[in-house]
Amino acid sequence: MSKFQRLLWSLPALDQLMLSPAPASAEEPTAAAAAAEAEVRQAIRDYDEALRRADVAAVEKVWASEYTFVNPRGERLTRADRVANLRTERTALDSLAHVPKDERIQVYGDMALYTTLLTLSGRYSGEAAQGQFRALVVWVRRDGRWQQLASQMTPVVAP
């Protein structure tokens, strides 16, 4: 039988898979996912507080060794860059507030994606940053705690 004939024979099975509804359990959040979401939400609160206080030791525990940050100016920074900026006060926040209705946490096992709208004023990498920003943060659970793998902040501009 040729490859083309085998492909034709497999199409009905593929069609059945594509048209079958997803199981209901895949759509409903599990107790484990809800607990993980609560853990991520607490990690976000703890991180925000550490960042406001410029608590380098606490923030170093949150940023994974391979952490990458894309700041509001589009610059890519490593964990070492961010730690240095925090230590030298080139990064310092005067205020930081999330807009609760725009927060979303999606948990995928030991990974989570967090998106939010936040208002802040302060400095990033020595440059003033003030206003509203969309933030995207990738979290991973390691050794029983949540760490940030990557984050990006984009300024919200008026239409």
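Look above for the structure.
Reference entry: report on the structure contained in this document. Along each chain, numbering runs from 1 in the same order as the chain's sequence is written. Confidence filtering applies because this is a predicted model: local features only for residues at pLDDT of at least 70, side-chain atom pairs given and counted only at 80 or more, and all residues used for totals across whole chains, interfaces and linings. Values shown for side chains rest on all heavy atoms present in the structure; no hydrogens or waters enter the calculation.

1. Things to note about the layout of surface pockets
Taken as a whole, the largest pocket encloses approximately 160 Å³ of empty space. Mapped by element, the contributors of at least two residues to the lining of the largest pocket are helix H3 (31-53), helix H4 (56-62) and strand S7 (145-155). Ten residues, namely Ala, Val, Leu, Ile, Met, Phe, Trp, Tyr, Cys and Pro, are considered nonpolar, four, namely Asp, Glu, Lys and Arg, are considered charged, and the remaining ones, Gly among them, are considered polar. For the lining of the largest pocket, the class distribution of residues is 8 nonpolar, no polar and 3 charged. Using a 1 Å grid laid over the protein atoms alone, points where a 1.4 Å probe fits but cannot get out form a cavity; open sets with protein on both sides within 12 Å along at least 5 of 7 lines form a pocket; any residue with an atom within 4 Å of a point counts as lining. Grid points are joined across faces, edges and corners, and a volume is the space filled by probe spheres set on the points. Labels follow the DSSP assignment, with helices taken as runs of H or I lasting at least four residues and strands as runs of E lasting at least two, numbered in each case from the N terminus.

2. A word on helix H5 (residues 79-87)
Of all the positions in H5, only Arg82, Val83, Asn85 and Leu86 are classed as buried. The buried side chains of H5 occupy one side of the element, clustering within an arc of 160° when seen end-on. In this structure, H5 carries Ala80 and Arg87 as exposed residues pointing more than 90 degrees from its buried face. Buried positions along H5 lie against H3, H4, strand S1 (63-70), strand S2 (76-78), strand S5 (111-124) and S7. Burial here depends on accessible area, computed with a 1.4 Å probe over protein chains only, as a share of the maximum for the residue type. Under 20% is buried, over 50% is exposed, and the range in between is partly exposed. Here the arc refers to the set of directions running from the helix axis out to each C-beta atom. Residues are treated as being in contact if the distance between any of their heavy atoms lies within 4.5 Å.

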